[in-house]
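Single-letter residue listing:
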Amino acid sequence: MNTEPLRFDNRFIQDLPGDEETGPRVRDVRGAVWSAVMPTPVAAPTLLAYSPELAAQLGWGPDLLESADFARVFGGNALYEGMQPWAANYGGHQFGHWAGQLGDGRAISLGELLAPDGLRWELQLKGAGRTPYSRGADGRAVLRSSIREFLCSEAMHHLGVPTTRALSLVGTGESVVRDMFYDGHPAAEPGAVVCRGAPSFLRFGSFELPASRGDSALLRQLVDFCIARDFPELADAGAERHAQWFAQVCERTAVLVAHWMRVGFVHGVMNTDNLSILGLTIDYGPYGWVDDYDPDWTPNTTDAQGRRYRFGTQPQVAYWNLTRLAQALSPLFDDVAPLHAGLARFQAVHARCERDDTAAKLGLDACRDADDLALMADWLQILHDGEMDMTLAFRGLIDFDPQAPDVAVLEEAFYSADRRAGVLPALQGWLQAYAQRLQSDRLDPAQRRQRMSAANPVYVLRNWLAQEAIELAEQGDLSGVHALQDVLRRPYEVQPGREHYAGKRPEWARDKAGCSMLSCSS
């Protein structure tokens, strides 16, 4: 298929060693970081939704996106000229244990597109069929998980959180059988394919795999490739480039996780193969947003017992994962001091972000000292003890008047009258302390409101909102997906008439499948 003016250079497969065998036969792939494999065609590719913002960045207009050829290409049935599909080879630590070779089991990259603005976009189909890394799986994805990835990728972008993007959502016209909660009750569900884009899908596990096999030459080649392609500012750093690169990875990871904590996002499965080397949010599986504030909450049924990836531990898990990456990279260093320095960089940057986010979310000119951090910690404890909605509580503080401290601005945030009564004395005391702090602050009321409004979203992709859209879509009605997509484009602005999307979790959603807990099944 000829399509102009698409330009692909596909440096990943041009510059790095590939698998000698082609095709989807499951196998152990050594000495290579990718395998050539074609998407498996589907019965009836149909475009269900797309991101006009990402399409515009790629230089594509509605005529291209709404054409039959587009649905065929991004459903896996055809290729544009210049595309050379592959699946990447990587390993990873899963739930704290080394899992060996993993790889793209249901993701197939079509190529690296050079956009009109000069940026590089690796376009990848998720749910495009079997690859050498599929193990016993079918390489497909269901509509519900595809909708969740499509919506969340774009929602995170508009929230200002570093993320992969989602270009399109294509229905396949085929069913996929999944046991959603691994409880012996498989069912047929509609299938779909998401096209996601990023400058790179390299992850921590990409580097762990050759290191685990003692292949230091391939490890070095992959690191140098990543620096040259994705960190060109370090190209002239000479012998220091590996140390500076690792420090950059640590810094970007710190910034990323701080953003997650700021908006109440829980990734759910922070294995090392799910952390991006660029500091992007990748692999939207059993994620969730905190409703009532609970640092121990995880949306992942697989993690329900150990809660390794619960909300409150995400910074510590990121550090643990970086430590695993440092161990993998150690053969490239004569001295481990630069690796320790990189890990220290993570801690310093995350602490700085925590201070900055404290000031922004509470409407302060700056986080001046430990007292301000303690003020935030006390506030979060009250949210937890009072079973208060995180998003609504922070938005409620925007309307707080320090001249007349009143709990009324927070009434909508409570889920339980009993918990409200139990926490009321502590909350009233905290509001008095907060009022005193605001009175000594350099920001005037208008500046405070502006700062808080830019840091505390009105709308986030709560699981129950996504589930409402999914249930409609499974009946052939995409209106819920499109409505959510539109609302989440402006997450920090109050949008009259869209109060439903800003409301707290309804009682029916507290324990409903897809709303409270999710599995990795997709």
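Below: a short report on this structure. (Residues numbered from 1 in each chain as written. Predicted model: local features only at pLDDT ≥ 70, side-chain atom pairs only at ≥ 80, totals over all residues. Heavy atoms only, no water.)

In this section: the overall build of the protein. Helices and strands together make up the secondary structure of the protein, namely 16 helices and 11 strands. The principal-axis extents of the C-alpha atoms in the protein amount to approximately 70 × 60 × 45 Å. Considering the protein as a whole, with its 522 residues, one finds that 58% of them fall into the buried category. Contacts in the protein between residues far apart in sequence, at least 24 positions, make up 72% of those at least 6 positions apart. (Helix = DSSP H or I, 4+ residues; strand = E, 2+ residues; numbered from the N terminus. Buried < 20%, exposed > 50% of the residue type's maximum accessible area, 1.4 Å probe, protein only. Contact = heavy atoms within 4.5 Å.)

Moving on to the environment of Arg310. Tracing the backbone shows Arg310 in the loop between strand E11 (288-289) and helix H9 (314-329). Of the residues examined, Arg310 reaches a relative accessible area of 24% and is grouped as partly exposed. Taking C-alpha positions, Arg310 is 5.2 Å from Trp297, a pair spaced 13 residues apart along the chain. In contact with Arg310, other than residues within four places in its own chain, are Val266, Pro295, Asp296, Trp297, Thr298 and Asp303. Within the structure, Arg310 has its side chain in polar contact with the side chain of Asp296 (distance 3.2 Å). (Polar contact = N/O pair within 3.5 Å; in protein donor to acceptor, adjacent residues only side chain to side chain.)

Turning our attention to helix H11 (residues 370-385). Relative to the 22 Å expected for 16 residues at 1.5 Å per residue, H11 spans 22 Å between its end C-alpha atoms, a close match to the ideal helical length. Of all the residues in H11, the buried ones are Asp372, Leu375, Met376, Trp379, Ile382 and Leu383. Relative to the axis of H11, the buried residues are bounded by an arc of 120° and lie together on one face. Exposed residues on H11 whose side chains face more than 90 degrees from its buried face are Ala370 and Asp371. Taken together, the buried residues of H11 touch helix H10 (337-362), helix H12 (390-398) and helix H13 (417-439). Glu387 lies just past H11 and shows a positive phi near 50°. (Expected span 1.5 Å × (residues − 1). Arc of directions from axis to C-beta.)

Along helix H16 (residues 479-487), the residues classified as buried are Gly480, Val481, Leu484, Gln485 and Val487. Viewed along the axis of H16, the buried residues span an arc of 165°, placing them on a single side of the element. Those residues of H16 that are buried are in contact with strand E2 (46-50), helix H2 (52-58), helix H5 (143-159) and helix H15 (463-473).

You can see Asp104 is positioned in the loop between strand E5 (97-101) and strand E6 (107-114). Within the buried set, Asp104 has no salt-bridge partner at all; the shortest N-O distance to an opposite charge, 4.5 Å, is to Arg203. Polar side-chain contacts of Asp104 include one of 2.8 Å to the backbone nitrogen of Ala88. Side chain to side chain, Asp104 and Tyr90 meet in a polar contact 2.9 Å long. Beyond its immediate sequence surroundings of up to four residues, Asp104 is in contact with Ala87, Ala88, Tyr90, Gln124, Thr131, Tyr133 and Arg203. (Lys, Arg positive; Asp, Glu negative; His and termini not counted. Salt bridge = Lys/Arg side-chain N within 4 Å of Asp/Glu carboxyl O.)

With that settled, the discussion passes to the packing of H5 against H16. Between H5 and H16, the least distance of the axes is 10 Å, while the angle of their chain directions is 20°. Relative to H16, the element H5 is oriented roughly parallel. Taken as a pair, H5 and H16 cross one another with a handedness that is right-handed. Two secondary-structure elements touch here, H5 through Ile147, Phe150 and Leu151 and H16 through Val481, Leu484 and Gln485. Of the residues assigned to the contact of H5 with H16, the class counts are five nonpolar, one polar and no charged. (Axes fitted to C-alpha atoms, helices over the stretch in contact; angles between N-to-C directions. Parallel < 35°, antiparallel > 145°, perpendicular 65-115°, else oblique. Left-handed = near helix turned anticlockwise from the far one by under 90°. Nonpolar A, V, L, I, M, F, W, Y, C, P; charged D, E, K, R; others polar.)

The next thing to look at is the nonpolar core. Judged by nonpolar contacts, the single largest core of 93 residues is most densely connected at Phe12, Phe207, Trp245, Ile277, Trp289 and Leu329. Top element by residues in this core is helix H8 (residues 241-263). It accounts for 11 residues. Leave out the neighbours within four places in its chain, and Phe207 touches Leu202, Leu219, Leu222, Val223, Cys226, Trp245, Ile277, Leu325, Ala328 and Leu329. Formed by 36 residues, the second largest nonpolar core is a distinct cluster that contains Val407, Leu431, Ala435 and Leu438. (Core = buried A, V, L, I, M, F, W, Y, C linked by side-chain atoms within 4.5 Å.)

This next bit is on the pairing of strand E4 (residues 91-94). Remember that side chains alternate between the two faces of the sheet whenever the strand is regular. As paired elements, E4 and E5 share three bridges and run antiparallel to each other. Paired with Gln94 across the strands is His97, a residue of E5. Linking two consecutive strands that pair antiparallel, namely E4 and E5, is a turn of two residues; a positive phi of about 50° is found at Phe95 within it. (Pairing = 2+ DSSP bridges.)

Turning our attention to the side chain of Gln101. Along the polypeptide, Gln101 turns up in strand E5. For Gln101, a relative accessible area of 18% gives the class buried. Side-chain polar atoms of Gln101 contact the backbone oxygen of Arg27, separated by 3.0 Å. Side-chain polar atoms of Gln101 contact the backbone nitrogen of Val29, separated by 2.9 Å. Those residues in contact with Gln101 that sit more than four places away from it in its chain are Arg27, Asp28, Val29, Asn89, Tyr90, Gly91, Tyr133, Leu209 and Arg213.

On to the packing of aromatic side chains. Summed over all chains, the structure comprises 23 aromatic pairs. On the numbers, 6.4 Å between centres and 85° between planes, the contact of Phe231 with Trp245 is edge-to-face. Of this pair, Phe231 sits in the loop between helix H7 (216-230) and H8 while Trp245 is found in helix H8, placing the two residues 14 residues apart along the sequence. Overall, the relative accessible area of 1% leaves Trp245 in the buried class. Ring pairs connect the aromatic residues Trp260, Phe265, Tyr284, Tyr287 and Trp289, which therefore count as one cluster. Against the face of Phe394 rests Lys361, its NZ or CZ located 4.1 Å from the ring centre. (Phe/Tyr/Trp six-rings, centres within 6.5 Å; stacked < 30°, edge-to-face > 60°. Lys NZ or Arg CZ within 6 Å of the ring centre and 35° of its normal.)

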